Amino acid sequence: MVDLSSVSAQAITGRLFTVFFLAFIIIIITARLLGSERKAKWFKRRTNYTLLNRRGIFGEYLNFGYPRTFQGLAVALAMYGLIFAIAIGYICFYPYS
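*Asks:* Looking at this model, I keep getting lost on the environment of Phe-58. Mind explaining?
*Replies:* For Phe-58, the position within the fold is in helix α2 (residues 57-62). Residue Phe-58 is classed as exposed on the basis of its relative accessible area of 53%. Sequence-wise, Phe-58 and Ile-28 are 30 residues apart; in three dimensions their C-alpha atoms are separated by 10.0 Å.

*Asks:* It is not clear to me how the layout of surface pockets should be interpreted in this structure. Could you clarify?
*Replies:* Picture a little ball the size of a water molecule; that probe, rolled over the atoms, points out where space is still empty. Here the largest pocket defines a volume of roughly 200 Å³. Taken together, Ile-27, Phe-43, Leu-62, Asn-63, Phe-64, Gly-65, Tyr-66, Pro-67, Ala-76, Met-79, Tyr-80 and Ile-83 make up the lining of the largest pocket. Taken together, the elements giving at least two residues each to the lining of the largest pocket come down to β2 (66-67) and α3 (70-93). A per-element tally of the lining of the largest pocket places α3 first, with four residues. Across the lining of the largest pocket, the residue classes tally to ten nonpolar, two polar and no charged.

*Asks:* Whenever I open this one, α3 confuses me. Can you help?
*Replies:* Here α3 spans 33 Å end to end across 24 residues, near enough to the 34 Å set by a 1.5 Å rise per residue. Burial in α3 covers these residues: Gly-72, Val-75, Ala-76, Met-79, Ala-87, Ile-91 and Cys-92. Packed against the buried residues of α3 are α1 (9-42), β1 (43-44) and β2.

*Asks:* How should the packing of aromatic side chains be read in this particular structure?
*Replies:* Working definition: an aromatic ring pair is given by the centre-to-centre distance plus the angle between the planes. All chains considered together, the criterion is met by two aromatic pairs. A ring pair is formed by Phe-43 and Phe-64, whose centres lie 5.2 Å apart and whose planes are at 70°; its orientation type is edge-to-face. Of the two residues, Phe-43 is situated in strand β1 and Phe-64 in the loop between α2 and β2; the sequence distance between them amounts to 21 residues. In this pair, the class of Phe-43 matches that of Phe-64, namely buried. Against the face of Tyr-90 rests Arg-15, its NZ or CZ located 4.5 Å from the ring centre.

Cut-offs applied
- Residues numbered from 1 in each chain as written.
- Predicted model: local features only at pLDDT ≥ 70, side-chain atom pairs only at ≥ 80, totals over all residues.
- Heavy atoms only, no water.
- Helix = DSSP H or I, 4+ residues; strand = E, 2+ residues; numbered from the N terminus.
- Buried < 20%, exposed > 50% of the residue type's maximum accessible area, 1.4 Å probe, protein only.
- 1 Å grid on protein atoms, 1.4 Å probe; cavity = no way out; pocket = protein on both sides within 12 Å on 5 of 7 lines; lining within 4 Å.
- Points joined across faces, edges and corners; volume = space filled by probe spheres on them.
- Nonpolar A, V, L, I, M, F, W, Y, C, P; charged D, E, K, R; others polar.
- Expected span 1.5 Å × (residues − 1).
- Contact = heavy atoms within 4.5 Å.
- Phe/Tyr/Trp six-rings, centres within 6.5 Å; stacked < 30°, edge-to-face > 60°.
- Lys NZ or Arg CZ within 6 Å of the ring centre and 35° of its normal.

Shown next, in the form of structure tokens:
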């Protein structure tokens, strides 16, 4: 593992924010590539909404739900794996200047 003790907290925080931004970009691209029909077929959305868990239009667009088919599970694992690989690679192994 890489020794991050000599790296400033501001540099690590900046990279964390970059990874969060890239994760949102990955989710948006995946949602656009799949389309609403395949998302509805491959993922199960929540049906019971209360005042505390309502989402806006943008939140509903990004909400995939739970995978219900093999294709949904493969898409979810691919998204999680890509986000995890980018995060670990960029935060731990990409050299800090």
